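Now for the letters of each chain:
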Amino acid sequence: MLHFDVCQFTIINTVTPIPLHFDAIDTQHYRGFAHFAQTQLTQSGQGDRLSLAQARSIGITSEGQWQPLDAQQELDETCVHLIIDSPTIELVQTLLSEIERVYHIERFIVHPQSDWVQGQVGIVLPFDKHVQADEESLAAIKSYFATFAQQYNIETALITRAPRLHQSGLLVMDMDSTIIAVECIDEIAKLAGVGDAVAAVTERAMRGELDFADSLRSRVACLQGLDEKALVQVRDALPPMPGLARLVSVLQSHGWKIAIASGGFTFFADHLMHRFQLDAAVANVLSMTQGKLTGEVDGAIVDAQRKADTVNLLSKQWHIELTQTIAMGDGANDLAMMKAAGLGVAFHAKPVVEQRADAAVRRGGLDRLLLLIA
């Protein structure tokens with residue numbers, strides 16, 4: 001990794017060279033930009049000279065100012081968010097040129113939560129003037145960018161008034177296949193010798209093909225008599241989803257609250273809450289007698305409505321506006337809480353969930369969510 005205490009580049013335009021000078025005091029975000037720019041320029045043999053097109057493609061205005069995202073001004077509107085993996089100057093230029101064939105772009109912003117070294121970069125295009133009041137106009141824009149994302153293998157999202165990172169907020173996440181990369185009940189079922197049967201039911205429930213509460217009870221019934229040691233074995237091997245630690249660290253450093261709302265089990269949700277120092281966890285309670293599962297769930301099932309209620313209750317408890325809330329998950333039982341929150345995000349989700357969510361993260365880690373926040 002290259003580090004720059006002082007960054008100097010020159011923009012070459014049709015009028016006159018514009019020198020750029022970034023002092024060390026400003027380089028928290030500029031370091032990433034400088035690393036990216038220097039890498040691209042070295043590979044192209046251009047030294048420290050940026051063409052105007054190259055400069056524009058990485059967020060520098062024609063006046064020679066590089067502008068990190070100003071959450072107080074730039075995103076109080078409808079914006080298209082692009083998430084690009086391992087971008088090059090040429091790719092960014094191509095993307096913007098293609099978009100401008102259909103929608104004129106007056107400005108764009110390189111998102112400050114972009115991870116330049118890991119190659120996970122967000123570009124934000126203010127889009128208010130293209131969004132009309134009618135749903136047909138909005139649907140047309142979403143359709144265009146859905147096709148655009150597939151064509152260029154990037155992620156796109158059209159978001160109106162994204163929650164602000166620098167204001168107190170609330171993130172409520174599903175647990176299984178969201179915070180962690182497995183379905184706990186499927187892992188328990190493997191140890192009980194009924195893994196395939198239970199996994200098949202789980203898959204159908206997450207697609208919304210089965211009533212969640214009924215399907216959960218039927219799956220838990222298959223676990224009757226299993227020793228608590230099996231739960232401990234699963235708990236100790238839980239794989240956190242990539243990007244979870246960074247997402248939690250960044251949000252909590254800005255005063256956000258983070259909670260789990262899971263149709264899974266408190267045995268695992270409470271463990272994850274303490275492990276990652278989250279603020280709350282709501283999940284189902286597995287009934288046990290003398291250290292063995294009874295095959296039942298104690299109390300009311302945490303279903304889709306209970307998850308939505310969790311968003312509302314916690315936002316009131318912590319005096320957080322609903323516009324500053326985010327709900328994220330992968331299954332059909334997460335749709336209600338996504339609708340309740342200010343921003344509903346599908347994460348590695350089933351098609352029915354992607355279609356109805358406000359935004360979707362289809363690849364990469366949980367920290368990609370940061371590129372959808374103002």
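Scoring rules and cut-offs
Residues numbered from 1 in each chain as written. Predicted model: local features only at pLDDT ≥ 70, side-chain atom pairs only at ≥ 80, totals over all residues. Heavy atoms only, no water. Helix = DSSP H or I, 4+ residues; strand = E, 2+ residues; numbered from the N terminus. Buried < 20%, exposed > 50% of the residue type's maximum accessible area, 1.4 Å probe, protein only. Contact = heavy atoms within 4.5 Å. Areas by Shrake-Rupley, 256 points an atom, 1.4 Å probe, with all protein chains shown as cover. Pairing = 2+ DSSP bridges. Axes fitted to C-alpha atoms, helices over the stretch in contact; angles between N-to-C directions. Right-handed = clockwise from strand over helix to strand, strands pointing away. pLDDT = per-residue confidence, 0-100. Left-handed = near helix turned anticlockwise from the far one by under 90°. Phe/Tyr/Trp six-rings, centres within 6.5 Å; stacked < 30°, edge-to-face > 60°. Salt bridge = Lys/Arg side-chain N within 4 Å of Asp/Glu carboxyl O.

Student: Report on the overall build of the chain, specifying residues and quantitative values.
Tutor: Counting its regular elements, the chain contains 13 helices and 14 strands. The burial tally for the chain puts 52% of its 374 residues in the buried class. A sequence separation of at least 24 residues applies to 67% of the contacts in the chain between residues at least 6 apart. Carbon and sulfur atoms form 48% of the exposed surface of the chain, whose accessible area is close to 16800 Å².

Student: Describe the sheet that holds strand β4 (residues 78–85), and please don't skip the residues or the numbers.
Tutor: Read across the open sheet, the four strands follow the order β5-β6-β4-β7; overall the sheet is antiparallel. Looking along the sheet, the strands with just one partner apiece sit at the ends: β5 (109–110) and β7 (155–160). Here six bridges tie β4 to β7, and the two strands are oriented antiparallel to one another. When the bridges of β7 are listed, Leu 82 appears paired with Thr 156. Helix α4 (residues 135–152) rests against β4 and β7 of the sheet, and its axis sits at about 160 degrees to β7.

Student: Explain the pairing of strand β12 (residues 325–329) to me, using residue names and the numbers behind them.
Tutor: Judged by how many residues are buried, β12 sits mostly within the fold: five of five residues are covered. Residues Thr 325, Ala 327 and Gly 329 point to one face of β12 and Ile 326 and Met 328 to the other, with burial holding for every one of them. Sheet topology places β12 next to strand β13 (residues 343–347); four bridges connect them, and they run parallel. Bridge pairing in β13 links Gly 329 to Ala 346. Read from β12 through helix α12 (residues 335–340) to β13, the crossover connection turns out right-handed.

Student: Now, about the confidence of the model for the chain: what can you tell me, with residues and values included?
Tutor: Across the chain, the average pLDDT comes to 82, with 77% of residues at 70 or higher. Within the model, pLDDT remains below 50 along residues 62–66, and this stretch shows 17 contacts once partners closer than five positions in the same chain are excluded. Between residues 68–72, whose pLDDT stays under 50, and residues either more than four places distant or in other chains, the model counts 16 contacts.

Student: Now, about the packing of helix α8 (residues 228–236) against helix α10 (residues 266–275): what can you tell me, with residues and values included?
Tutor: Running from N to C, α8 and α10 cross one another at 35 degrees; their axes reach a closest spacing of 10 Å. Two packed elements cross with a definite hand, and for α8 against α10 that hand is right-handed. Contacts between α8 and α10 involve Glu 228, Leu 231, Val 232, Val 234 and Arg 235 from the first element and Phe 267, Phe 268 and His 271 from the second.

Student: Tell me about the packing of aromatic side chains, and please be specific about residues and values.
Tutor: Under the criterion given, the structure shown has seven aromatic pairs. When the centroid spacing of 5.5 Å and the interplanar angle of 75 degrees are considered together, the rings of Tyr 103 and Tyr 144 count as edge-to-face. One end of the pair, Tyr 103, is in the loop between α3 (89–100) and β5; the other, Tyr 144, is in helix α4, with 41 residues separating them in the sequence. What makes Tyr 103 buried here is its relative accessible area of 12%.

Student: I'd love a proper account of the pattern of salt bridges, names of residues and values included.
Tutor: Evaluated as defined, the whole model comprises 16 salt bridges. Its salt-bridge partner being Glu 98, residue Arg 101 comes within 3.1 Å of it at the nearest N-O pair. A residue is classified by how much of its surface remains accessible, and Arg 101, at 65% relative accessible area, is exposed. In the salt-bridge network here, residues are joined through shared partners; they are Asp 85, Glu 155, Glu 354, Arg 362 and Arg 368.

Student: Please set out the sheet that holds strand β8 (residues 170–173) residue by residue, giving values where relevant.
Tutor: Taking strand neighbours across the sheet as the criterion, the seven strands line up as β11-β10-β9-β8-β12-β13-β14 in an open arrangement whose pairing is mixed. Each end of this open sheet is capped by a strand with a single partner; those strands are β11 (292–298) and β14 (359–361). If you compare each strand with its neighbour and ignore which way they point, the axes differ by 25 degrees on average. Bridge count for strand β9 (residues 257–265) against strand β10 (residues 280–289) is four bridges, and the pairing is parallel. In the sheet register, Ala 261 faces β10, and the bridge partner there is Val 282.

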